[in-house]
Amino acid sequence: MKIISLEPGEAAAQLHRLNQIFEIARFVDPVKNRIYSFKDGEICITEGVCHEVWNRGQRCENCVSSKAFSTRGQAFKVEFMNDRVFLVIATYCEVGDTPCVLELVIKMSDELLSDAFGSTESFAAMVINAGRNIYQDALTCARNRRYYDEQMSMFNADAAVVAELRFKDGCTPDRRKALLSELADVLHSCIRRRDVLARIEDNTFVVGCLDMRSEDDLKGMLRRLQDSIKHEFQDLDSELSIALAGCYGPGTMEDLVPAARVAVEECADKRDLMIVCSLPQA
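Owing to the predicted nature of the structure, the values given are computational and were not obtained by experimental measurement.

Engineer: Would you explain the pattern of salt bridges in this entry?
Structural biologist: Pairing of side chains with opposite charge becomes possible as their charged atoms draw close. The final tally for this structure, using the stated rule, is 15 salt bridges. The residue glutamate 103 makes a salt bridge to arginine 26 at a minimum N-O spacing of 2.8 Å. With glutamate 103 in strand 7 (residues 98–108) and arginine 26 in strand 2 (residues 24–29), this residue pair connects regions lying 77 residues apart in the sequence. For the pair glutamate 103 and arginine 26, a shared accessibility class is recorded, and that class is buried. Between arginine 72 and glutamate 94 there is a salt bridge, and its shortest N-O distance comes to 3.6 Å. Remark: glutamate 94 occurs in strand 6 (residues 84–95) and arginine 72 occurs in the loop between helix 2 (64–71) and strand 5 (74–81); sequence separation between them is 22 residues. We classify arginine 72 as partly exposed; its relative accessible area is 43%. What makes glutamate 94 partly exposed here is its relative accessible area of 23%. One network of salt bridges, with partners in common, ties together Arg192, Arg194, Asp195 and Asp211.

Engineer: Is there a simple way to explain the environment of phenylalanine 69 in this structure?
Structural biologist: For phenylalanine 69, the location among the structural elements is in helix 2. For the pair formed by phenylalanine 69 and alanine 90, sequence separation is 21 residues and the distance between their alpha carbons is 8.6 Å. When sequence neighbours within four positions are dropped, the list of residues in contact with phenylalanine 69 reads Pro30, Val31, Tyr92, Pro99, Cys100, Val101 and Met154.

Engineer: What am I meant to see in helix 2 here?
Structural biologist: Two residues of an α-helix separated by three or four positions point the same way, owing to the 3.6 residues in each turn. Residues Val64, Ser65, Ser66, Ala68 and Phe69 constitute the buried set of helix 2. Buried residues along helix 2 sit in contact with strand 2, strand 5, strand 6, strand 7 and helix 5 (145–150). Of the residues trailing helix 2, arginine 72 is marked for its positive phi of about 55°.

Engineer: Explain the packing of aromatic side chains to me, please; I cannot follow it from the model alone.
Structural biologist: When we look at a pair of aromatic rings, we describe it by the centre distance and by the angle of the planes. All chains considered together, the criterion is met by 4 aromatic pairs. Seen from their ring centres, phenylalanine 27 and phenylalanine 38 are 5.7 Å apart, and the 85° between their planes marks the pair as edge-to-face. Note that phenylalanine 27 is positioned in strand 2 and phenylalanine 38 in strand 3 (residues 34–39), a separation of 11 residues in sequence. A relative accessible area of 1% places phenylalanine 27 in the buried class. With a centroid separation of 5.7 Å and an interplanar angle of 70°, the aromatic rings of phenylalanine 69 and tyrosine 92 are classed as edge-to-face. Residue phenylalanine 69 is found in helix 2, and its partner tyrosine 92 is found in strand 6; the two are separated by 23 residues along the sequence. The exposure class assigned to tyrosine 92 is buried, which follows from its relative accessible area of 3%. Feature note: the residues Tyr135, Tyr147 and Phe155 constitute an aromatic cluster, connected by ring pairs.

The rules behind these values
Residues numbered from 1 in each chain as written. Predicted model: local features only at pLDDT ≥ 70, side-chain atom pairs only at ≥ 80, totals over all residues. Heavy atoms only, no water. Salt bridge = Lys/Arg side-chain N within 4 Å of Asp/Glu carboxyl O. Helix = DSSP H or I, 4+ residues; strand = E, 2+ residues; numbered from the N terminus. Buried < 20%, exposed > 50% of the residue type's maximum accessible area, 1.4 Å probe, protein only. Contact = heavy atoms within 4.5 Å. Phe/Tyr/Trp six-rings, centres within 6.5 Å; stacked < 30°, edge-to-face > 60°.

Here you go:
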């Protein structure tokens, strides 16, 4: 797909025309959740955040603009607000020197949904279930690698945690699956409501911490995880070891996770060792 490149003046004129056709037309930065506007031929940042239009207090879990931004292409999704259904089209573009996403929103008519799916509720259930299947790891019910690549890597987070399970010789495939599922349960039980858990490799999980106030808070989370892991896996030294590490930011998950993974490698095979590092500040 050819990348759309516009000067700010051209983008402003296009936006004016598009807003006469679509329910919503806007340029956004999905990494920082910003909305762009134009003034005196220049692109500028508007007050507020992009997810507010959907009456949400936090970023969209399945952000179509993040997917378009990360792939430098186009993406689509269906969005719901109250009893209304919208089609969102997101296209990567560059306005001057600013990489961004053009979002276009179309309201889908009740008549169309009723004719095709029987009811709006049936259509909503189908879309929600499809989204879960696309982004959920079947074994552990955590988010999967696709979700990390298309969504989570773009998150602005305060910290990231990496948990790596290392199997010893003689651990069978079925036993490995059972242990991975158990570790996912422990992680789910210890993280906070707004944290996001993903399985990014066969034996590696990451947690995105979106509202962590200090490095001490990160250390506290790691201690809770460590205590729970020791309790659940205390008699399994012959089968596995588990390394924990965290990186405090803030930064994008794309920056935080590699730093935390380097720290995990320093844990070697010492299951009770956890490491906290900080992302270098520019």
